[in-house]
Amino acid sequence: MPPRRSHKKSRAGCRRCKSRKIKCDEVHPRCGNCLKHGVSCDFERPEALQTAPSPSTPASSVGFQSPVVRASVPAFSFASAAGPSFAAPQLCRPPATPSMSSTTPAGHRLLELRLMHQYTAMTCKTFTFTAPVTEEIWKITVPNLAFSGSQHLADAILAVAALHLRSLAPNDKDLVRASHAYMAASLAEYSATLTRGIDNTNAEALFLTAALIAFQSTATRVFMKDELSIGGGGIVDGEERERNPAAGCYAIPFSWFHSFQGVKAITAASWQYLRASPVVTQVINSQVVLQLDFTSGPETFFGHLLDGLEEELAAMRPAGHNNNNNNTNNTNPDSQPPTPSTSDGNGNPPLAPAPELFNTTHNPNQDLITSTRQAYQHAVAVLNWAHKIPHKGAPLAFPATVSRRYIELLEERQPRALAILACFFALLKSMDGVWWLQGMARREVLGVVSLFNSDFFGPDAYARWWPHLEWAMRIALYEDGSGGASGGVIPAEVWGADWFAEEEALAAEGAGQGGANNYFRHIEMLSQMVSAAQSIPPVPE
């Protein structure tokens, strides 16, 4: 057996070599072993041992509830190799991992990631079922705008995604809370941004947020019960309270109209910036062209909704204003009233009319009559157009394009306005396969018709208005041959029109007009009207 080779023991080696029980060559400023392994040597940095945290801290003391805490844990630790007397110093600070939304509570980062994944993988596609060319915008461009610092847009994205997941898991309380919290935060920041003013830096994000708010207000209807009684639309006088039935009756979803009208308003107000945005113009140009025909009468599908309108308008005329030149037999609502006179306001005889009032034909009530007629005619024209091409998403233009006067008529619960509303909801049957519209037609049409069965309009209202509600009820209750709710093409004999034949006819008509009738031109005109109205100086007192 050969003799053992003599060797020199290391007495002044570095602490790392001592802890590993290996020989240290004692080379300064860094021994060979530390140099070989690429670690710090106490010859080189003797202060590291005093400043480094102790490796003996139990692993259980590290909190794993926060992603930020997890990020601070090093990927590799020398604690097991260096023993209790050594720990490698932290050479850099780990990067922070902020949440996408400030609304996200601590410890719920995974929920936020889950919602964002849901949006990009599934939810964004449900906004583009009628215009697939915009899918990339909603999937990529919109999140990128949110990441760039648009908090209201980020919260709106997460709110809509939470609603979509709720449709798949309606009993998930975390999703319920998230959908409410994110949308509330989005609305608050959205309002604050509008208060600060619209400019070229925020116009795009505000437009897209408004669109998501409209989607959210529609989808929310699927999950929430009617939150308003029949008298909750702003009619607060005592007589109206007495006419209103108890809470629990059908409530008109005014939030739909307010949110879709909000998209129209923000578009008109910021059009000077949006018209140059390739993102917004592509979204707008992807919409089906609005081609309205104001022809009334039985030759149009919904022309019956205007039956008796002139008699109704004539009843709105106050006594003494339904004739002209003392012709009491004149019942034409377009006839001109007699010249009004002025009074001193104290019950004294009327004063002589001012010179500028001579020969005038203006009726104090004529503006209301005219706006009412136009509101009904325009709403029916939109229905006739949307009825031809419902598969292209045309019915969704109804809440965005109807006039403010029509919404007021709904708030007044006028039977004609409600009958028009029932037909609009029936048109949504064509999109019953979309999650945020599923079951909407059946529920809303039945709700509107229930108002005619109540005591609100009197015992004869149902019989009088049933001919105008019959089609809406038939479509709302329609089921395809498989026994399920319709989400595809409804036969022409049931619907009353061949969708694809009508689509070709409208396309040919639009081509014949040379593209003069389009959304871009309509918005240009609307923005000019808004600008003109804003430029009118206030009336001096």
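Residues numbered from 1 in each chain as written. Predicted model: local features only at pLDDT ≥ 70, side-chain atom pairs only at ≥ 80, totals over all residues. Heavy atoms only, no water.

- The protein chain is annotated in an unreviewed UniProt entry as Zn(2)-C6 fungal-type domain-containing protein from Lasiosphaeria hispida.

### Concerning the overall build of the protein chain
- Of regular secondary structure, the protein chain possesses 24 helices and zero strands.
- A buried classification covers 41% of the 541 residues belonging to the protein chain.
- Surface exposure of the protein chain reaches about 28,900 Å², of which carbon and sulfur atoms provide 55%. (Helix = DSSP H or I, 4+ residues; strand = E, 2+ residues; numbered from the N terminus. Buried < 20%, exposed > 50% of the residue type's maximum accessible area, 1.4 Å probe, protein only. Areas by Shrake-Rupley, 256 points an atom, 1.4 Å probe, with all protein chains shown as cover.)

### Describing the pattern of salt bridges
- Under the criterion given, the structure shown has 13 salt bridges.
- Note that Glu408 is salt-bridged to Arg405, the shortest N-O span being 3.2 Å. Of this pair, Glu408 and Arg405 both sit in helix H18 (residues 404-411), three residues apart, roughly one helical turn. (Salt bridge = Lys/Arg side-chain N within 4 Å of Asp/Glu carboxyl O.)

### Things to note about the UniProt feature "domain: Zn(2)-C6 fungal-type" (unreviewed entry) in the protein chain
- According to UniProt, the "domain: Zn(2)-C6 fungal-type" (unreviewed entry) feature falls on residues 13-43.
- Across residues 13-43, the secondary structure splits into 39% helix and 0% strand, with the terminal C-alpha atoms separated by 9 Å. (UniProt positions renumbered as here; feature names shortened; annotations may be inferred.)

### Focus on the packing of helix H19 (residues 415-427) against helix H21 (residues 461-476)
- At a minimum axis separation of 8 Å, H19 and H21 run at an interaxial angle of 20 degrees. On the basis of the axis angle, H19 is roughly parallel to H21. Between H19 and H21 lies a crossing whose hand is left-handed. Across the interface between the two elements, Pro415, Arg416, Ala419, Ala422, Cys423, Ala426 and Leu427 of H19 pack against Trp465, His468, Leu469, Trp471, Ala472 and Ile475 of H21. (Axes fitted to C-alpha atoms, helices over the stretch in contact; angles between N-to-C directions. Parallel < 35°, antiparallel > 145°, perpendicular 65-115°, else oblique. Left-handed = near helix turned anticlockwise from the far one by under 90°. Contact = heavy atoms within 4.5 Å.)

### Focus: helix H7 (residues 135-147)
- With 13 residues, H7 ought to run about 18 Å at 1.5 Å a step, and its terminal C-alpha atoms sit 18 Å apart, in line with that.
- The axis of H7 is deflected most strongly, by about 30 degrees, at Thr141, and proline Pro143 appears within four residues downstream.
- All buried positions along H7 are accounted for by Ile137, Trp138, Val142, Pro143 and Ala146.
- Considering only its buried residues, H7 is in contact with helix H6 (109-121), helix H8 (151-168), helix H10 (203-223) and helix H14 (278-285).
- Note on H7: the residue one or two positions beyond its end, Gly149, has a positive phi of about 125 degrees. (Expected span 1.5 Å × (residues − 1). Bend = angle between axes of the 7 residues up to and from the residue.)

### Section: the side chain of Ser179
- Among the structural elements, Ser179 can be located in helix H9 (residues 173-196).
- Separated by 2.8 Å, the side chain of Ser179 and the backbone oxygen of Val176 make a polar contact.
- Beyond its immediate stretch of four places on either side in the chain, Ser179 contacts Ala159, Ala162, Leu163 and Arg166. (Polar contact = N/O pair within 3.5 Å; in protein donor to acceptor, adjacent residues only side chain to side chain.)

### Considering H21
- Most pronounced at Pro467, the bend in H21 amounts to some 65 degrees.
- Along H21, the residues classified as buried are Ala461, Trp465, His468, Leu469, Trp471, Ala472, Met473, Ile475 and Ala476.
- Tucked into the core, H21 has its buried residues touching helix H16 (366-388), H19, helix H20 (440-453) and helix H22 (492-495).

### Description of the environment of Gly262
- Tracing the sequence through the fold places Gly262 in helix H12 (residues 254-269).
- Expressed as a C-alpha distance, the spacing of Gly262 and Ala211, which sit 51 residues apart in the sequence, is 8.6 Å.

### Observations concerning the nonpolar core
- Leu115, Phe398, Tyr406 and Leu421 are the most contacted members of the largest nonpolar core, which has 117 residues in total.
- Examining the composition of this core, we find that twelve residues originate from one element, H10, more than from any other.
- Core analysis: the second largest hydrophobic core is formed by eight residues, Cys17, Cys24, Val39 and Cys41 among them. (Core = buried A, V, L, I, M, F, W, Y, C linked by side-chain atoms within 4.5 Å.)

### Things to note about the packing of aromatic side chains
- Applying the stated criterion across every chain yields a total of 17 aromatic pairs.
- Plain terms: the ring middles of Phe127 and Phe215 are 4.2 Å apart, the flat faces sit at 10 degrees to each other, and that makes the pair stacked. In this pair, Phe127 is assigned in the loop between H6 and H7 and Phe215 in helix H10, connecting sequence segments 88 residues apart. Like Phe127, the residue Phe215 is buried in the burial classification.
- Between the aromatic rings of Trp256 and Phe425, the centroid separation amounts to 5.6 Å while the plane-to-plane angle is 75 degrees, which identifies the pairing as edge-to-face. Taken as a pair, Trp256 in helix H12 and Phe425 in helix H19 lie far apart in primary sequence, 169 residues in all.
- Residue classification places Trp256 among the buried positions, given a relative accessible area of 2%.
- Exposure remark for Phe425: the relative accessible area of 0% places this residue in the buried category.
- An aromatic cluster is present here, built from Trp256, Phe257, Phe398, Tyr406, Phe424 and Phe425 joined pairwise through their rings.
- The ring centre of Tyr376 lies 5.9 Å from the NZ or CZ of Arg416, which sits over that ring. (Phe/Tyr/Trp six-rings, centres within 6.5 Å; stacked < 30°, edge-to-face > 60°. Lys NZ or Arg CZ within 6 Å of the ring centre and 35° of its normal.)

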